[in-house]
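Structure at a glance
Letter by letter, the chains look like this.
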Protein chains: 2
Amino acid sequence: MSKALDALFPTSRITRDASDLAHWGSDRTTAYQAAPSAVVFPETLDEVVALVRLANAEGFALVPSGGRTGLSGGAVAERGEVVVSFDRMNRILGFDAAERLARCQAGVVTGALQAFAEERGLFYPVDFASSGSSQIGGNIATNAGGIRVIRYGLTRDWIAGLTVVTGAGDVLRCNNGLVKNATGYDFRHLFIGSEGTLGLVVEAEVRLANPPGPQRVMVLGCPAFDALFQSLSAFQQHVTLSAFEFFSDLALTKVRTARDLPPPLRDACPFYALLEFDESALDAASSAFERCLEQGCVADGVLSQSDAQAARLWALREGISESLAPQTPYKNDLSVRLSDMPRFLEAADALISQAYPEFEVCWYGHIGDGNLHLNILKPPGWSEQAFLERCHRVSPELFRLVAEHGGSISAEHGVGLLKRDFLGYSRSPEEVALMRALKTVFDPNGVMNPGKLLG
Amino acid sequence: MSKALDALFPTSRITRDASDLAHWGSDRTTAYQAAPSAVVFPETLDEVVALVRLANAEGFALVPSGGRTGLSGGAVAERGEVVVSFDRMNRILGFDAAERLARCQAGVVTGALQAFAEERGLFYPVDFASSGSSQIGGNIATNAGGIRVIRYGLTRDWIAGLTVVTGAGDVLRCNNGLVKNATGYDFRHLFIGSEGTLGLVVEAEVRLANPPGPQRVMVLGCPAFDALFQSLSAFQQHVTLSAFEFFSDLALTKVRTARDLPPPLRDACPFYALLEFDESALDAASSAFERCLEQGCVADGVLSQSDAQAARLWALREGISESLAPQTPYKNDLSVRLSDMPRFLEAADALISQAYPEFEVCWYGHIGDGNLHLNILKPPGWSEQAFLERCHRVSPELFRLVAEHGGSISAEHGVGLLKRDFLGYSRSPEEVALMRALKTVFDPNGVMNPGKLLG
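What this report covers is the structure whose coordinates are included nearby.

1. A short note on the overall build of chain A
Scanning chain A from terminus to terminus reveals 15 helices and 16 strands. In terms of overall dimensions, chain A is globule-like: its C-alpha atoms have a radius of gyration of 22 Å, near the 23 Å expected for 455 residues. Projected onto its principal axes, the C-alpha coordinates of chain A cover approximately 70 × 55 × 45 Å. A total of 455 residues make up chain A; the buried ones form 64% of that total. The long-range share in chain A, meaning contacts at least 24 apart out of those at least 6 apart in sequence, stands at 73%. Accessible area for chain A stands at about 16,200 Å²; split by element, carbon and sulfur atoms hold 49% of it. In chain A, 40 side chains carry a positive charge and 53 a negative one; their mean positions are 3 Å apart.

Written out as structure tokens, the structure reads:
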């Protein structure tokens, strides 16, 4: 493998340096040991095609690598794979003003696309805490969601065209940026969310939106879980929300401690909601707030009076994940329908307090989308191995609850390695068998990210 | 086949009556001869499963049938197939208020869902001229678009869950109405637009929207094709459009004659645009109109002053297809990107006036989505056969132009029988081979709508 691979890439774009292997062979998970055999940095579609064909010919495996901000091990290379980094394919190749389409190489960083849009008076609405380093290709591979899904949808909703190299080394140019194209199976949507198991996303046509008007942010203090949903419903009846996030008081304490931030409200509440909406809806939002106060589903609230204050309020939500990192949290990324959420939460809370009496459990997430991030924190005295084993013992019980309530065991983090063995809680045996069959169609020799998603 | 099939359905729900076979064996195309062997009317998911398994066991083919408003022969049964009509599965089974999801059987008529939404203060935005008879299952099978795509997207964007029976007789419950679900390949999106070739859509969770405020309609007269796009751009900079349609003066003449309608403007123009937008954007729209007048891209215009007048203006656009029907038009449903449209139109116009000097050619469509409906009208003296042969001779040249301009040979009507032999103009050989392989995965014995889409 080595010789032919070295012939494909100049020495400046292939590395076997130990620290490079460790760096590019892992994502934000900590439970896996990075052990790729090489990292390559293609610069063109042709190089990617040649690489995939070589992998098929010589029987080595490829792991696609973007911003490595994933939380499920989808970009981990732990078995001698060749990591395909898109760091050198980070250009925006063109802009179609009439269609508002940006043609992006897979390695374009989310934040760079957002800035590109802003420069043109437009808006790329998919946003999350890791937008400063996550890449478009990775966003597509996991159908990334984030903080504005309630208004703008997921990555899937903004991809008008995809250029992919299948596991067999064929180039597919899917949909070409068209709004309407009823000519058979839409492979674009099959590749979105496929976690690099069918092929490599090399380029995407990304649609941009008109920017929203000025935004306002509110943080509400809620006395209970149920009250969050009552508040959501009260606001949604009259206000188009750009975001509806929540966090528990423990999550707030963690982020405040890590960043030395003041509390948003005078008195602590068990739960907080963070809302964002158009300034033009301020009157409607204020009325909704008053109604919530009267009904008792909100105890107190604060409204941003400036962009700076809005950013400080957002920091309380967006800083949580990072503030927990030192405690190597076991992350659950769950979703159920809003209508099933209260019953699910009651059952999950009971299970968790019984299963993890000695662990801290941090609840937060994109609750307006039915998406909970439930982080179990490793106590200082525990080894990561022992902690993980314990969490893995409880996970099936939690996932069984998710399944009973019709939910998903991975709302937006993907399956990767972390949830691979639990896929059956969200997909039926027939679906898993069909997924395996599709994998074989697109990647007959199994060179694409083997072991991820389907195991 | 007969006996086992008769054992599955009571006599009231299976028919072999010649007029029934003709009725349920065809759609809105006229070029094909309906010749199914039977029509069945299942009422439950279990009946559909039993039917598909019987088809596999006994080797007969199934043709799914919704409102039969298709324009590409996708629901035509011309080779002794059993037609599966969803006319008896036309109930809305439930409503999830928190998620705004309507659980619809496949046979729910589009208009009935729109009315259901309206009764709840909500809105189902997918709309088109045939919404009074088209069914949700058929809309899903073709990813139906229509008149409000520019604002609300296609059917795909509103389907949060699908229950399907694969060609192998397996039941898949896809996505369960979740907003976020990152657990592998999204079969929902594979079935949307698959024209019944992978399995049968039995049920769907359809998301509903907040209704828009009051709407206003404008009809603009434009001196040339280019002027349409200048107008679109001028309006889109400041107004969120709910629709941007166009029609040629010939199309207007046809619909006015058929329905005895007055002209919208004092003087005829070569082309007309119909715009719809929120009344709250009226000032911005009026300014855009003034700018267009000054720039010369609009010659005259009319603004609706009442809902009744808005409906009369819409009738000019929505009545076109029906008004052409007596001339058995050869329909082309093309799309290219807006940015490629002017060059494409110039080339297409030159080709068509040279290829069809003696035929009337009617241009209209959802131009804001890059979607042209180009109808060639059969002159009275021609037999349908001779007319079709002539059109089929020219089609490859037109489709070659579409391909050269990166467009689609079927924007929203699907491929069916009509465009099957031309699929290669929009999909590469690699894509078609992969489509065939996927078909085999989901429908190993080829019982699902054989001959459609892939031939």
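And the narrative resumes.
2. Remarks on the interface of chain B and chain A
Each side of the interface is counted separately: chain B has 71 residues, and chain A has 71 residues. Carbon and sulfur atoms make up 57% of the area that chain B and chain A hide from each other, which totals about 5,400 Å². The largest contributions to the chain B side of the interface with chain A come from Lys-180, Tyr-185 and Arg-337 of chain B, which together make up 19% of the buried area. Across the pair Arg-337 of chain B and Glu-205 of chain A runs a salt bridge, and its minimum N-O distance is 2.7 Å. For the pair chain B and chain A, the number of links is 36 residue pairs in polar contact (both at pLDDT 80 or more). Secondary-structure elements contributing two or more residues to the side of chain B that touches chain A are β8 (171-174), α7 (187-191) and α15 (429-442) of chain B. By residue number, the principal contributor to the side of chain B that touches chain A is α15 of chain B, which donates nine residues. A class-by-class count of the residues in the side of chain B that touches chain A yields 27 nonpolar, 26 polar and 18 charged.

3. Remarks on the pattern of salt bridges
Applying the stated criterion across every chain yields a total of 50 salt bridges over all chains. When the shortest N-O distance is used, the salt bridge between Arg-148 of chain A and Asp-127 of chain A registers 3.2 Å. Of this pair, Arg-148 of chain A sits in the loop between α5 (136-142) and α6 (149-152) while Asp-127 of chain A sits in the loop between α4 (110-119) and α5, and the two are 21 residues apart along the sequence. Ionic pairing is found between Lys-254 of chain B and Glu-360 of chain B, a salt bridge with its closest N-O pair at 2.8 Å. One end of the pair, Lys-254 of chain B, is in helix α9 (residues 249-259); the other, Glu-360 of chain B, is in strand β15 (residues 360-365), and 106 residues separate them in sequence. Three or more residues joined by partner-sharing salt bridges are found here, namely Arg-13, Glu-43, Glu-47 and Arg-88 of chain A.

4. Quick word on the packing of helix α8 (residues 225-236) of chain A against helix α13 (residues 341-355) of chain A
Between two packed helices, the angle of one axis relative to the other and the distance separating the axes together describe the packing. Residues and elements named next belong to chain A. At a minimum axis separation of 10 Å, α8 and α13 run at an interaxial angle of 160°. Taken together, the axes of α8 and α13 are roughly antiparallel relative to one another. For the element pair α8 and α13, the recorded crossing hand is right-handed. Here Phe-225, Asp-226 and Phe-229 of α8 come into contact with α13, specifically with Met-341, Pro-342 and Leu-345. Partitioned by chemical class, the residues of the contact of α8 with α13 number five nonpolar, no polar and one charged.

5. Quick notes on the sheet that holds strand β6 (residues 101-105) of chain A
Whenever strands of a sheet pair, they do so through backbone hydrogen bonds, lying parallel or antiparallel. Residues and elements named next belong to chain A. Here we have five strands laid out as an open sheet, ordered β5-β6-β9-β7-β8, and antiparallel in their pairing. Two strands close off the open sheet at either side, each with one partner strand: β5 (92-96) and β8 (171-174). Each neighbouring strand pair of the sheet contributes to a mean axis angle of 15°, computed without reference to strand direction. By the bridge criterion, four bridges tie β5 to β6 in an arrangement that is antiparallel. Considered in β6, the bridge of Ile-92 is made with Cys-104.

6. Side note on helix α3 (residues 45-58) of chain A
Residues and elements named next belong to chain A. The end-to-end C-alpha separation of α3 is 20 Å, in line with the 20 Å expected for 14 residues at 1.5 Å each. Those residues of α3 that sit buried are Leu-45, Glu-47, Val-48, Val-49, Leu-51, Val-52, Leu-54, Ala-55 and Asn-56. Backbone geometry just after α3 places Gly-59 at a positive phi near 75°.

7. Here's the deal with the packing of aromatic side chains
Counted by the stated rule, this structure contains 32 aromatic pairs over all chains. Considering the side-chain rings of Phe-246 of chain B and Phe-271 of chain B, the 6.4 Å spacing of their centres and the 40° angle between planes classify their relative orientation as tilted. Highlighted residues: Phe-246 of chain B in strand β11 (residues 241-248) and Phe-271 of chain B in strand β12 (residues 271-278), separated in sequence by 25 residues. Considered together, Phe-246 of chain B and Phe-271 of chain B belong to a single accessibility category, that of buried residues. By way of ring pairs, the aromatic residues Phe-225, Phe-246, Phe-271 and Trp-363 of chain A are connected into one cluster. It is Arg-120 of chain B that lies over the ring of Phe-116 of chain B; its NZ or CZ is 3.6 Å from the centre. Sitting above the plane of the Phe-187 of chain A ring, Arg-427 of chain B keeps its charged end 5.2 Å from the centroid.

8. Describing the relation of the copies chain B and chain A
Screw-axis analysis of chain B against chain A gives a translation of 0.0 Å along the axis, an RMSD of 0.0 Å, and a rotation angle of 180°. With respect to symmetry, the two chain copies, as superposed, fit the operation of a two-fold axis. Every residue of chain B has its C-alpha some distance from the rotation axis, and the shortest such distance is that of His-189 of chain B, at 3.1 Å. In this assembly, 100% of the residues forming the interface of chain B have copies in chain A that are likewise at the interface, indicating an isologous arrangement.

9. As for helix α10 (residues 282-295) of chain B
Residue and element names in this part refer to chain B. Between its first and last C-alpha atoms α10 spans 20 Å; for 14 residues at 1.5 Å apiece the expected length is 20 Å, and the two agree. Listed in full, the buried residues belonging to α10 are Leu-282, Ala-285, Ala-288, Phe-289 and Cys-292. Buried residues of α10, seen end-on, are gathered within an arc of 120° and therefore sit on one face of the element. Set apart from the buried face of α10 by more than 90 degrees, the exposed residues are Asp-283 and Glu-294. Against β10 (215-222), α8 (225-236), β12 and β13 (300-303) lie the buried residues of α10. Immediately beyond the C-terminal end of α10, within one or two residues, lies Gly-296, with a positive phi of roughly 85°.

10. Details of the environment of Ile-376 of chain A
Residue and element names in this part refer to chain A. Tracing the sequence through the fold places Ile-376 in strand β16 (residues 371-377). Taking the relative accessible area as the measure of exposure, Ile-376 reaches 0% and is therefore buried. Taking the C-alpha atoms as reference, Ile-376 lies 13 Å from Ser-323; in sequence the two are 53 residues apart. Sequence-distant contacts of Ile-376, that is, excluding residues within four places in its chain, are made with Pro-329, Tyr-330, Asn-332, Tyr-356, Phe-359, Glu-360, Val-361, Phe-387 and Cys-391.

11. Describing the nonpolar core
Residues Leu-113, Leu-162, Phe-187 and Phe-442 of chain A together with Leu-113, Leu-162 and Phe-187 of chain B are the most contacted members of the largest nonpolar core, which totals 83 residues. At six residues, the largest contribution of residues to this core is made by helix α15 (residues 429-442) of chain A. Contacts of Phe-187 of chain A, omitting those with residues within four sequence positions, involve Leu-172, Cys-174 and Phe-442 of chain A together with Arg-427, Glu-431, Leu-434, Met-435 and Leu-438 of chain B.

12. A short note on the sheet that holds β11 of chain B
Residues and elements named next belong to chain B. Strand order in this open sheet of seven strands is β13-β10-β12-β11-β15-β16-β14, and the pairing throughout is antiparallel. Looking at strand neighbours, the two that pair on one side only are β13 and β14 (330-335), the edges of this open sheet. Each adjacent strand pair in this sheet contributes to an overall mean axis angle of 15°, direction not counted. The sheet contact formed by β14 and strand β16 (residues 371-377) spans six bridges and is antiparallel. From the neighbouring strand, Tyr-330 faces β16, where its bridge partner is Ile-376. Running over the sheet, α8 touches β10, β11, β12 and β15 and is turned about 170° from β11. Packing against the sheet, helix α14 (residues 384-404) makes contact with β14 and β16, and its axis sits at approximately 10° to β14.

So, how was this worked out
- Residues numbered from 1 in each chain as written.
- Chains lettered and ligands numbered in written order.
- Predicted model: local features only at pLDDT ≥ 70, side-chain atom pairs only at ≥ 80, totals over all residues.
- Heavy atoms only, no water.
- Helix = DSSP H or I, 4+ residues; strand = E, 2+ residues; numbered from the N terminus.
- Rg over C-alpha atoms; globule rule 2.2 N^0.38 Å.
- Buried < 20%, exposed > 50% of the residue type's maximum accessible area, 1.4 Å probe, protein only.
- Contact = heavy atoms within 4.5 Å.
- Areas by Shrake-Rupley, 256 points an atom, 1.4 Å probe, with all protein chains shown as cover.
- Lys, Arg positive; Asp, Glu negative; His and termini not counted.
- Charge placed at Lys NZ, Arg CZ, Asp CG, Glu CD.
- Buried area = accessible area lost by both parts, 1.4 Å probe.
- Salt bridge = Lys/Arg side-chain N within 4 Å of Asp/Glu carboxyl O.
- Polar contact = N/O pair within 3.5 Å; in protein donor to acceptor, adjacent residues only side chain to side chain.
- Nonpolar A, V, L, I, M, F, W, Y, C, P; charged D, E, K, R; others polar.
- Axes fitted to C-alpha atoms, helices over the stretch in contact; angles between N-to-C directions.
- Parallel < 35°, antiparallel > 145°, perpendicular 65-115°, else oblique.
- Left-handed = near helix turned anticlockwise from the far one by under 90°.
- Pairing = 2+ DSSP bridges.
- Expected span 1.5 Å × (residues − 1).
- Phe/Tyr/Trp six-rings, centres within 6.5 Å; stacked < 30°, edge-to-face > 60°.
- Lys NZ or Arg CZ within 6 Å of the ring centre and 35° of its normal.
- Least-squares fit on C-alpha atoms with pLDDT ≥ 70 in both.
- Arc of directions from axis to C-beta.
- Core = buried A, V, L, I, M, F, W, Y, C linked by side-chain atoms within 4.5 Å.

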